[in-house]
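Observations on the three-dimensional arrangement
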Amino acid sequence: MALSIGIVGLPNVGKSTLFTALTRKGGLAANYPFATIEPNVGVVEVPDARLQKLAAIVHPGRIVPATVEFVDIAGLVKGANEGEGLGNQFLANIRETDAIAEVVRYFSDADVVHVEGAADAERDSEIIKTELILADLGTIERALPRLEKEARRDKALAAKVELVQRLQEWMNEGHRALNFTMTDEERALIYDLHLLTMKPLLYVANVDEDAAAAELEPIDGVRPIPISAKVESEIIEMDEDEAAEYLAMMGLEQSGLERLVRAAYRLLGLQSFFTAGEMEVRAWTIPIGAKAPQAAGVIHTDFERGFIKAETVSYNDYLEYGGEAGCRAAGKLRQEGKDYVVQDGDVMHFKFNV
Ligand SMILES: Nc1nc2c(ncn2[C@@H]2O[C@H](COP(=O)(O)OP(=O)(O)OP(=O)(O)O)[C@@H](O)[C@H]2O)c(=O)[nH]1
Ligand SMILES: [Mg+2]
């Protein structure tokens, strides 16, 4: 389950600069609006220092971190839903992502054109919010006639039609789908519409280099994550020690990637568990609250289907007792069954039978 995050925002706010820094991939960052035309997809390893600690004990053939996929699309402008600019047609590329990171310009470089004249986080994010809502309303408008037709033949669909109509009213008042009160069943009913404003949203404030550690005012109730795309793009040119020193100088403990991924995990209720063997030490992503079989299923569906038990060691025990053998001897290796709720950092070995 590789987490995927779509990057949106006004043109020229630094989306591609950030994307390039995060993914170390050559998405074009350029000082003119609409530099990005084709969507760029990049996969990034999730930094997790625990992997190295585990590897120091196990000496595996390789280390496999969890990954996050970022999708960089063209900037959205006011009126995008009516075909203004280029962004709207690329929204389709982020329909399938798990979350949206909206880049908002805070940096104050007069040489970089702002499509609305000057940066204003409140107004700029409002423009994007409106465009995303209008894009969703377009999706709903296209889907409804088909749904209504199907509902005439299949009475079971009446509830769905009624739900989508209520949602349409709500969104017509300028609200995101995410804030529409729904039961889990209702949420499942509209899942296939892949509404953009249904996705959890993070704001990334692209700040001036000296403000990367700033505490910013919330936008629409959500505190933005300050990241300097410029700093990030400088860090990727450095070796690890240099980068750490540079971050410390900026008053930061973690790179923007780490802070962004951590925030996304928190927002989406995700955590990691590990497998550790001679061949590889590996991180896997699961929802908080997932039980052992569900965790097993992330590795292979057979592991879930034929789940018997999970030999489990807490991350701290694994380090303290120097690995599996030490934990076994100390009675720290637990045999967990199908109702075990996996804890962040658990080192697990699944027994299964298919
Ligand atoms: N001073 C400063 N300039 C930045 C920063 N981030 C991006 N820029 C500059 O802003 C311009 C636009 O950056 P891009 O990353 O191409 O912006 P974008 O949001 O991808 O733009 P579109 O693809 O056109 O929507 C480039 O000249 C960047 O160098 C920053 O943190 N500080
Ligand atoms: Mg771009």
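Residues numbered from 1 in each chain as written. Chains lettered and ligands numbered in written order. Predicted model: local features only at pLDDT ≥ 70, side-chain atom pairs only at ≥ 80, totals over all residues.

1. Section: the pairing of strand S5 (residues 99–105)
For S5, a buried count of 6 out of 7 residues is recorded, marking the element as mostly surrounded by other parts of the structure. In this structure, strand S1 (residues 3–8) lies alongside S5, joined through 4 bridges in parallel fashion. Among the inter-strand pairings, Gly6 is bridged to a residue of S5, identified as Ile100. With 6 bridges joining them, S5 and strand S6 (residues 201–206) adopt parallel strand pairing. The partner of Ala101 across the bridge, within S6, is Leu202. (Buried ≥ 20, exposed ≤ 12 C-beta atoms within 10 Å, placed from the backbone. Helix = DSSP H or I, 4+ residues; strand = E, 2+ residues; numbered from the N terminus. Pairing = 2+ DSSP bridges.)

2. Let's talk about the confidence of the model for the chain
Of all residues in the chain, 93% attain a pLDDT of 70 or more, and the chain-wide mean is 89. The weakest mean pLDDT in the chain belongs to helix H3 (residues 87–90) at 66; the strongest belongs to helix H12 (residues 315–320) at 98. (pLDDT = per-residue confidence, 0-100.)

3. Notes on the sheet that holds strand S7 (residues 225–227)
Hydrogen bonds between backbone atoms are what pair the strands of a sheet, whose relative direction is either parallel or antiparallel. A sheet is described by the order of its strands in space; here 6 strands give the open sequence S2-S4-S1-S5-S6-S7, paired in mixed fashion. In this open sheet, the two edge strands, each paired with only one partner strand, are strand S2 (40–45) and S7. Each adjacent strand pair in this sheet contributes to an overall mean axis angle of 30°, direction not counted. Packing against the sheet, helix H4 (residues 121–153) makes contact with S1, S5 and S6, and its axis sits at approximately 140° to S5. (Axes fitted to C-alpha atoms, helices over the stretch in contact; angles between N-to-C directions. Contact = placed C-beta atoms within 7 Å.)

4. A short note on the environment of Leu132
Take Leu132: it is sitting in helix H4. Residue class for Leu132 comes out buried when judged on the 25 C-beta atoms lying within 10 Å of it.

5. Considering helix H10 (residues 292–299)
Burial in H10 covers these residues: Ala292, Pro293, Ala295 and Ala296. Down the axis, H10 shows its buried residues gathered within 160° of arc, on one side only. For H10, the secondary structure elements touched by its buried residues are strand S8 (270–276), strand S9 (280–287), helix H11 (301–305), strand S10 (307–313), strand S11 (334–336) and strand S12 (347–352). (Arc of directions from axis to C-beta.)

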